[in-house]
Amino acid sequence: MKEISAQKIESIFIRISKTMTNFIKYRRFESITKGIRREHFIGYLTISPAFILILGLILYPVAYSIWLSLLEKHSFFPQE
């Protein structure tokens, strides 16, 4: 059986420990970003009813005025 020197074993353990610390840092960062994404989603979900209402209050009159402009009737003189 081939003997492995103490330096080689030490260098292997150092590489493994560096890899594990990087992995742990990455997992911690990943969990933080997941939490932030969840908070952003909840925030967007919270303001979405107000955003839809404001969008409807802006778009409905515009769409209705375009619809009325396509008709032959005049709103001030309906008999003509």
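Quick summary incoming for the structure in this document. (Residues numbered from 1 in each chain as written. Predicted model: local features only at pLDDT ≥ 70, side-chain atom pairs only at ≥ 80, totals over all residues. Heavy atoms only, no water.)

Digging into the overall build of the protein chain
Secondary structure assignment for the protein chain yields 1 helix and 0 strands. Sorting the 80 residues of the protein chain into buried and exposed places 2% on the buried side. By element, 69% of the accessible surface of the protein chain is carried by carbon and sulfur atoms, the whole surface being about 8300 Å². (Helix = DSSP H or I, 4+ residues; strand = E, 2+ residues; numbered from the N terminus. Buried < 20%, exposed > 50% of the residue type's maximum accessible area, 1.4 Å probe, protein only. Areas by Shrake-Rupley, 256 points an atom, 1.4 Å probe, with all protein chains shown as cover.)

Comments concerning the packing of aromatic side chains
For the structure shown, the criterion picks out 1 aromatic pair. Plain terms: the ring middles of Y60 and Y64 are 5.9 Å apart, the flat faces sit at 15° to each other, and that makes the pair stacked. Taken together, the residues span about one helical turn, with Y60 and Y64 both in helix α1 (residues 6-69) at a distance of 4 residues. By relative accessible area, which is 42% here, Y64 ends up partly exposed. (Phe/Tyr/Trp six-rings, centres within 6.5 Å; stacked < 30°, edge-to-face > 60°.)

Points about a nonpolar patch on the surface
On the surface, Y60, V62, Y64, I66, W67, L68, L70 and L71 cluster together into a nonpolar patch covering about 860 Å² of accessible area. Tracing the backbone through its elements, the reader meets L70 in the segment after α1. Classification of L70 by relative accessible area gives exposed; the value is 62%. (Patch = residues over 30% accessible without salt bridge, like charges linked within 9 Å, V, L, I, M, F, W, Y side chains within 5 Å. Salt bridge = Lys/Arg side-chain N within 4 Å of Asp/Glu carboxyl O.)

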